[in-house]
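Residues per chain, in single letters:
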Amino acid sequence: MSDTTLSGSKIETETVVPAASGKKAPKGYSVSTLPGFSIIAIFTFFALYAPIMILVLYSFNAGTSLAIWEGFSLRWYAQAAGNERVIDAAIRSLILAGSAATIASISATMAALATTRTRRFKGRTMIYALINQPLMVPEIVTAVALLIVFAWIKVMTGYTSLLYLVAAHTAFCIPFAYLPIRARLETMDDTLEVAARDLYASPMQVFRRVTLPLMWPGIIAGFMLAFVISLDDVVITEFVKSAGQETIPTYMLGQLRRVVTPEVNAISTIILVAGAVLVSLFFWVSRERR
Amino acid sequence: MPETALKTRPATTESETAVDVIGISKLFGSNQEIRALDDVSVAIRKNEFFTLLGPSGCGKTTLLRVIAGFEPPTRGSLHLGGRDISRLAPNQRPINTVFQNYALFPHMSVANNIAFGLEMLGKPKNDIRDKVTEMLQLVRMEELRSRRTSEISGGQQQRVALARALAPQPEVLLLDEPLSALDLKLRKEMQIELKRLQSETGLTFIFVTHDQEEALTMSDRIAVMNAGKILQVGSPREIYAHPSERFVANFIGESNFLNAHLSGNRVTLEAGGGTYEAVAPEGVADGKVSVLVRPEHASARPGEAAGEELAATVETVVYSGDATSLHLRLKTGETLKTKMPNGPEQSTAFGEGDAAAVTIAPGAVTILKD
Ligand SMILES: Nc1ncnc2c1ncn2[C@@H]1O[C@H](COP(=O)(O)OP(=O)(O)OP(=O)(O)O)[C@@H](O)[C@H]1O
Ligand SMILES: [Mg+2]
């Protein structure tokens, strides 16, 4: 369920960067004049948002059913908030997403600089493909591969901690952080950096005073995308986590196998709202900056 | 003309070279097949308004980028005030640039843009504040100091870019077509403004343009470039009146090219007329030569040629308000354009097909290298 909500916000954040320089459709032609356009549009919106509406609605159900409405109540929110395991999973999810997104954004920033701010070098396209590889490889394959490698390391070192999950999440978050950062860098006028050099800035000062502030909206977009992707992940987490290392999605998945109560809806709604707030915050921040 | 030869190199300023470009070549492309600069040498004097003029793609920007240090030269060296600066990074050269698209920092205010260079030089805060205020006054932008650079007009951005480049008090200011983005009126204003700034600051300006009129009106000296080479360096008057070769003559102003015969310092046109005195440029031997006559240096009267006049037939008469141009055909088949100022009286006595007698002003014949 959370999958729908989160991939919804994925699409939104991804369009942020290109939209800034997006070309307008030629005048005098509008797709909206095509027959059936509005009907399809309405249906699509309905298909996208109706299930979410129902999910949100039933999180306020007074009864234990996901199908029968028994009146308004906040009991499931209270129960989720009082549930040790939910809180534990939520904290773990946030730490995991926070660390993975941070490391991924830093690596992605460096990768984006290396692929846009250097002279063309041999194999640049190859590197570009390699960075985006996690988008192409089926997640389940990565999951199994990581399971095997990490099991091997665990046996050799006897070391278990959240670090395995952080490493795994960082790996698949990098391309998501990389894309908006690179897009930002590519639309950025590099004569600004030349101008800074001309005005006596050392290469380090150019980066700190000009490049970084200008690419900041891209980095924030990349970070948020990575954060949301990490928060949302089930498959790789399920394979890599040690016993007891539940995140919110794996906890919810576990719950579904037992009794399903609107508590799951309540948690999903909270994630949904948090995601929406994050995205709005980003739009607000990037508007302020431009 | 011995007189012009004297004017070309006044002995007093000879030693005061600001930028010395020595045999610089710049090759681009994976196989170094693009020759953007081809063995360019030029000495730019202190406090002069020096202009690089040439058609698109001739290497003007590349030469500026080499001087600024953004582009390492393939060959050659660069001296500033007698010091070799070829190996210094751009931030180590006391040279600033005004970029064609201004390149103002969008995340900083007008004042912070101007302060940037001073901050990077590690100047004390108070000095920076004073200097920024002084610069804002210099370019008449005091009221807009805290504006964002995206919230000011093109002409104002131009001024900020100038102030930003001038603030660190460089020895040389490079300007790459700084006026090309402005409309005509603003452009004229900024031309005057630039000249004022240059004389007030006493800096060496190296200015790039492909507008010949701009070059003629603003410069102390002009270097005409083509295909990566400097063809001629001289004052606007020298460049216009005595271009060294056909390309320069063609690029600046209107030209007549005529076949002639040179013997010593006397030129006889194939089309007839008298002989003219002219100094042959280096490497031009006696015999057949090509000469230049500017249209406004030739005048015509109706009637048959007599004495030293050239005989011609009128082909077209073009009235352009202040002047009348005639397209004439000489007896050799060559064409000659003349341009004569219009008086207050009723229009020209010429009709198409009429006979005309042409007089070329003394000193108007310039021998070309090719
Ligand atoms: N980075 C580069 N890589 C390859 N070729 C280049 C590069 N920079 C310039 N050139 C080539 O060098 C030549 C000179 O370019 P340059 O930009 O100096 O011309 P310009 O005189 O400034 O022209 P314009 O008036 O159009 O600005 C051109 O043929 C150009 O294509
Ligand atoms: Mg140029």
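Only a predicted model underlies this, so the values are computations on that prediction, with no experimental measurement involved.

### Describing the interface of chain A and chain B
So, point 1. Taken together, the contact between chain A and chain B spans 20 residues of the former and 28 residues of the latter.
So, point 2. Between chain A and chain B, the buried area comes to about 2,000 Å², and carbon and sulfur atoms account for 60% of it.
So, point 3. Contact with chain B buries surface across chain A, with A:D198, A:L199 and A:Y200 losing the most and accounting together for 39% of the total.
So, point 4. Our count for the contact surface shared by chain A and chain B stands at one salt bridge.
So, point 5. When the shortest N-O distance is used, the salt bridge between A:R209 and B:E119 registers 2.9 Å.
So, point 6. Where chain A packs against chain B, one counts eight residue pairs in polar contact (both at pLDDT 80 or more).
So, point 7. Within the residue set of the side of chain A that touches chain B, elements represented by two or more residues are helix 9 (191-198) and helix 10 (203-232) of chain A.
So, point 8. Looking at the side of chain A that touches chain B, the element that brings in the most residues is helix 9 of chain A, giving seven residues.
So, point 9. Looking at the side of chain A that touches chain B, its residues break down into 10 nonpolar, three polar and seven charged.

### So, the packing of helix 7 (residues 139-157) of chain A against helix 8 (residues 163-187) of chain A
Residue and element names in this part refer to chain A.
So, point 1. At a closest axis distance of 12 Å, the pairing of helix 7 and helix 8 adopts a crossing angle of 150°. In terms of their interaxial angle, helix 7 and helix 8 are classed as roughly antiparallel. Seen from above, helix 7 lies across helix 8 with right-handed handedness. Along its contact with helix 7, which presents L146, F150, I153, K154 and T157, the element helix 8 presents Y164, A167 and A168.

### Points about the pairing of strand 9 (residues 221-226) of chain B
All names here are of chain B.
So, point 1. Counted residue by residue, strand 9 has five buried out of six residues, so it is predominantly covered.
So, point 2. In the sheet, strand 3 (residues 49-53) pairs with strand 9 via four bridges, with the strands oriented parallel. Note on strand 9: the bridge partner recorded for F50 is R221.
So, point 3. Here strand 9 pairs with strand 10 (residues 229-234) via five bridges, running antiparallel. Bridging across to strand 10, A223 finds its partner in V233.
So, point 4. Hairpin connection between strand 9 and strand 10: a loop of two residues separates the two successive antiparallel strands, and A227 in this loop has a positive phi of roughly 45°.

### Looking at the sheet that holds strand 15 (residues 298-302) of chain B
All names here are of chain B.
So, point 1. Ordered in space as 15-19-16-17-18, the five strands form an open sheet in which the pairing is antiparallel. Looking at the sheet topology across the chains shown, the edges are occupied by strand 15 and strand 18 (335-341). Shown here is a sheet whose adjacent strand axes are inclined to one another by a mean of 45°, direction ignored.

### Focus: the side chain of B:E334
Residue and element names in this part refer to chain B.
So, point 1. Structurally, the position occupied by E334 is in the loop between strand 17 (323-330) and strand 18.
So, point 2. Comment: no salt bridge for buried E334; closest opposite-charge side chain is K288, at 7.7 Å.
So, point 3. A polar contact of 2.8 Å, which involves the side chain of E334, links it to the backbone nitrogen of N259.
So, point 4. Apart from the residues lying within four places of it in its own chain, the contact partners of E334 are F257, L258, N259, A271, L328 and R329.

### Notes on the environment of B:V19
So, point 1. Looking at where B:V19 falls in the secondary structure, it is placed in strand 1 (residues 17-28).
So, point 2. Discounting chain neighbours no more than four positions away, the residues touching B:V19 are B:V42, B:A43, B:I44, B:I67, B:L78, B:H79, B:L80, B:V172 and B:I206.

### Description of the packing of helix 4 (residues 84-116) of chain A against helix 12 (residues 248-257) of chain A
All names here are of chain A.
So, point 1. Axis separation between helix 4 and helix 12 bottoms out at 8 Å; the angle between their running directions is 145°. Taken together, the residues of helix 12 that come into contact with helix 4 (itself represented by R85, V86, A89, A90 and S93) are I248, P249, Y251 and Q255.
So, point 2. Broken down by class, the residue content of the contact of helix 4 with helix 12 amounts to six nonpolar, two polar and one charged.

### Here we look at the pattern of salt bridges
Residues and elements named next belong to chain B.
So, point 1. Under the criterion given, the structure shown has 26 salt bridges over all chains.
So, point 2. As a salt-bridge pair, R196 and E193 come within 3.0 Å of each other at their nearest N and O atoms. Placement of both R196 and E193 in helix 6 (residues 184-201) is noted, with a separation of three residues, approximately one turn of the helix.
So, point 3. A residue is classified by how much of its surface remains accessible, and E193, at 7% relative accessible area, is buried.

### Quick look at helix 7 of chain A
So, point 1. In a regular helix each residue adds 1.5 Å, so 19 residues correspond to 27 Å; helix 7 of chain A covers 26 Å between its end C-alpha atoms and thus fits that length.
So, point 2. Packing partners of the buried residues in helix 7 of chain A comprise helix 8 and helix 11 (235-240) of chain A.

### Looking at helix 5 (residues 154-166) of chain B
So, point 1. Taking 1.5 Å per residue as the helical rise, helix 5 of chain B with its 13 residues ought to reach 18 Å, and the 18 Å between its terminal C-alpha atoms agrees with that figure.
So, point 2. Buried residues of helix 5 of chain B: B:G155, B:Q157, B:Q158, B:R159, B:V160, B:A161, B:L162, B:A163, B:R164, B:A165 and B:L166, and no others.

### Thoughts on the nonpolar core
So, point 1. Ranked by size, the top nonpolar core spans 76 residues in total, and within it B:V19, B:V21, B:L52, B:I67, B:F105, B:F116 and B:I206 carry the most contacts.
So, point 2. Here this core takes 11 residues from helix 8 of chain A, the largest share from any one element.
So, point 3. The next biggest cluster of nonpolar side chains, apart from the first, holds 36 residues, and it includes B:L118, B:M135, B:L173 and B:F205.

Thresholds, definitions, all that
Residues numbered from 1 in each chain as written. Chains lettered and ligands numbered in written order. Predicted model: local features only at pLDDT ≥ 70, side-chain atom pairs only at ≥ 80, totals over all residues. Heavy atoms only, no water. Contact = heavy atoms within 4.5 Å. Buried area = accessible area lost by both parts, 1.4 Å probe. Salt bridge = Lys/Arg side-chain N within 4 Å of Asp/Glu carboxyl O. Polar contact = N/O pair within 3.5 Å; in protein donor to acceptor, adjacent residues only side chain to side chain. Helix = DSSP H or I, 4+ residues; strand = E, 2+ residues; numbered from the N terminus. Nonpolar A, V, L, I, M, F, W, Y, C, P; charged D, E, K, R; others polar. Axes fitted to C-alpha atoms, helices over the stretch in contact; angles between N-to-C directions. Parallel < 35°, antiparallel > 145°, perpendicular 65-115°, else oblique. Left-handed = near helix turned anticlockwise from the far one by under 90°. Buried < 20%, exposed > 50% of the residue type's maximum accessible area, 1.4 Å probe, protein only. Pairing = 2+ DSSP bridges. Lys, Arg positive; Asp, Glu negative; His and termini not counted. Expected span 1.5 Å × (residues − 1). Core = buried A, V, L, I, M, F, W, Y, C linked by side-chain atoms within 4.5 Å.

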